[in-house]
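# Structural characterization, general
One-letter residues, chain by chain:
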Amino acid sequence: MNEIYEKLTRCYESVKDRIRFTPRVALVLGSGLGDYGNEIDVEATLPYNEINGFPISTVPGHKGQFIFGHVGDVPVVCMQGRVHYYEGYPISDVVLPTRLMKMMGAEILFLTNASGGINTDFKAGDFMLITDHISCFAPNPLIGQNIEELGVRFPDMSKVYDENLCDKIRASASELNIRLVEGIYAQLTGPSFESPAEIRMLKSLGADAVGMSTVVEAIAANHCGMKICGISCVCNLAAGLSANPLTHEEVQTAANEAAPLFKKLVTESICRF
Ligand code: HPA
């Protein structure tokens, strides 16, 4: 068996024995949404370090556990903390949790993250519905022998972000009177923030926001047949668009300030899925 699939199966076996819960939605919490667990009617939690071989996040502000429970009537598994490629994990480990949540039964992957705004109409604190992405600056997680058990060798990527889910997020934002912008998210590897020249390049390529996560997870989820949607919290203007140097603390502060509204938007959206 493929080594990557073998590891995934091992993780699944250890989760399956401990958790009797079938999620429909898999929610990945980005910076600032770390305490979203309070919005969930929790049935069980599972720390990542209790899953044999599971990658553990080293980023300050990222907890490391799965939460299982209900948002409204919807059964969800929620990732409180994700791993990033810049932490040094192989890209197959970065997407292992996504694939694992699919094996748990999740049909929908709801991705959230913090980003830098490239589109000059955006303000810090805006929420951006991700309508498409630019992946070519991060390694493709499907490189290597194809895992036939999960999906095809050459997956179509023409509609990664499910239009029906996007409509439900739009309707939720409108109902809650929350400003929701839309755009294209580019993932770079990080961990350094971009240079102003890189931001100008990304802008000319059509990117509206930039970050260090999400796209590789979307590629893996699309490969294994999940429906995908995502919202990015624009936490700062990207490099060169404001006079200030960028810091992780600034990003985290902005994400924390946006968190109450972000949580409302995520909850309302999930209830409509
Ligand atoms: N660049 C990359 N990742 C980010 C940024 C940024 O400006 N802000 C939040 N995450």
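First things first, this report covers the structure right here in the doc.

Calculation notes
Every chain's residues receive numbers from 1 upward, in the order its sequence appears when written. Given that this is a predicted model, residues contribute local features only at a pLDDT of at least 70 and side-chain atom pairs are listed and counted only at 80 or more, while totals for whole chains, interfaces and linings are drawn from all residues. The side-chain quantities take in all heavy atoms of the structure and omit both hydrogens and water. Helix and strand assignments follow DSSP, with helices taken as H or I runs no shorter than four residues and strands as E runs no shorter than two, numbered in order from the N terminus. Atoms considered for the radius of gyration are the C-alpha atoms alone. The globule rule reads 2.2 Å times the number of residues to the power 0.38. Accessible area is worked out with a 1.4 Å probe on protein chains only. A residue is then buried under 20% of its type maximum, exposed over 50%, and partly exposed in between. We call two residues in contact whenever any of their non-hydrogen atoms come within 4.5 Å of each other. For the accessible areas, the method is Shrake-Rupley and the probe is 1.4 Å, while residue cover comes only from the protein chains on display. In the sections that follow, a salt bridge refers to a side-chain nitrogen of Lys or Arg positioned within 4 Å of a carboxyl oxygen of Asp or Glu. Only heavy atoms are used to decide nearness, and a residue is near a molecule or strand if one of them lies within 4 Å of it. As used in this structure description, the phrase polar contact means that two N or O atoms lie within 3.5 Å; if the pair is within protein, one of them must be able to donate a hydrogen and the other to accept it, and residues adjacent in sequence are counted only when both atoms belong to side chains. Three residue categories are used. Nonpolar comprises Ala, Val, Leu, Ile, Met, Phe, Trp, Tyr, Cys and Pro, charged comprises Asp, Glu, Lys and Arg, and polar comprises the others, including Gly. Residues forming no salt bridge and having over 30% relative accessible area are the ones grouped into patches, like charges within 9 Å of each other and nonpolar side chains (Val, Leu, Ile, Met, Phe, Trp, Tyr) within 5 Å. Here the aromatic set is Phe, Tyr and Trp, taking the six-membered ring for Trp, and pairing holds for ring centres within 6.5 Å; pairs whose planes are under 30 degrees apart are stacked, those over 60 apart are edge-to-face, and all others are tilted.

### Observations concerning the overall build of the protein
Per the secondary structure count, the protein includes 7 helices and 9 strands. Relative to the compact-globule value of 19 Å for 273 residues, the protein shows a C-alpha radius of gyration of 17 Å, a close match. Projected onto its principal axes, the C-alpha positions of the protein cover 50 × 40 × 35 Å. For the protein, the residues scored as buried account for 55% of the 273 residues in total. Taking the contacts inside the protein whose residues are at least 6 apart along the sequence as the reference set, 83% of them involve residues at least 24 apart. By element, 49% of the accessible surface of the protein is carried by carbon and sulfur atoms, the whole surface being about 11500 Å².

### Examining the pattern of salt bridges
Inspection of the entire model under this criterion finds 11 salt bridges. Between Lys16 and Glu13 there is a salt bridge; the shortest N-O distance is 3.3 Å. Taken as a pair, Lys16 and Glu13 lie in helix 1 (residues 3-16) at a separation of 3 residues, close to a single helical turn. Look at Glu13 and you get partly exposed, because its relative accessible area is 35%. Ionic pairing is found between Arg272 and Glu268, a salt bridge with its closest N-O pair at 2.9 Å. You can see Arg272 and its partner Glu268 sitting in helix 7 (residues 248-272), 4 residues apart, about one turn around the helix. Arg272 gets classed as partly exposed once you look at its relative accessible area, which sits at 29%. According to the relative accessible area criterion, Glu268 is partly exposed, its value standing at 23%. What emerges from the salt-bridge pattern is a single network uniting Glu163, Asp167, Arg170 and Glu182.

### Looking at the site of the ligand
Taken together, Ala114, Ser115, Gly116, Phe193, Glu194, Val210, Gly211, Met212, Asn236, Leu246 and Val251 make up the full set of residues adjacent to the ligand. At 3.4 Å from a nitrogen atom of the ligand is found a main-chain nitrogen or oxygen belonging to Ser115. Compared with its free state, where it exposes 260 Å², the ligand has 95% of that area covered by protein. At the level of secondary structure, the elements contributing two or more residues to the shell around the ligand comprise strand 5 (108-117) and strand 8 (209-211). For the shell around the ligand, the leading source of residues is strand 5, giving 3 residues. Here the residues of the shell around the ligand sort into 6 nonpolar, 4 polar and 1 charged.

### Comments concerning a nonpolar patch on the surface
A contiguous nonpolar surface patch, about 240 Å² in accessible area, is contributed by Phe137, Met201 and Leu205. Looking at the element boundaries, Met201 is found in helix 5 (residues 196-205).

### Some words on the packing of aromatic side chains
Per the counting criterion, the structure on display carries 7 aromatic pairs. On the basis of an interplanar angle of 75° and a centroid distance of 5.2 Å, the ring pair of Tyr48 and Phe66 is categorised as edge-to-face. With Tyr48 in the loop between strand 2 (41-47) and strand 3 (65-71) and Phe66 in strand 3, the pair connects residues that are 18 residues apart, well separated along the chain. Across the pair, exposure class does not vary: Tyr48 and Phe66 are buried alike. Between Phe127 and Phe262 the ring centres are 4.8 Å apart and the planes differ by 35°, which places this aromatic pair in the tilted class. Residue Phe127 is found in strand 6 (residues 127-134), and its partner Phe262 is found in helix 7; the two are separated by 135 residues along the sequence. The same class applies to Phe127 and to Phe262, which are both buried. The rings of Phe21, Tyr48, Phe54, Phe66 and Phe68 are connected pair by pair, giving a single aromatic cluster.

On their own, these measurements won't tell you what the molecule is for.
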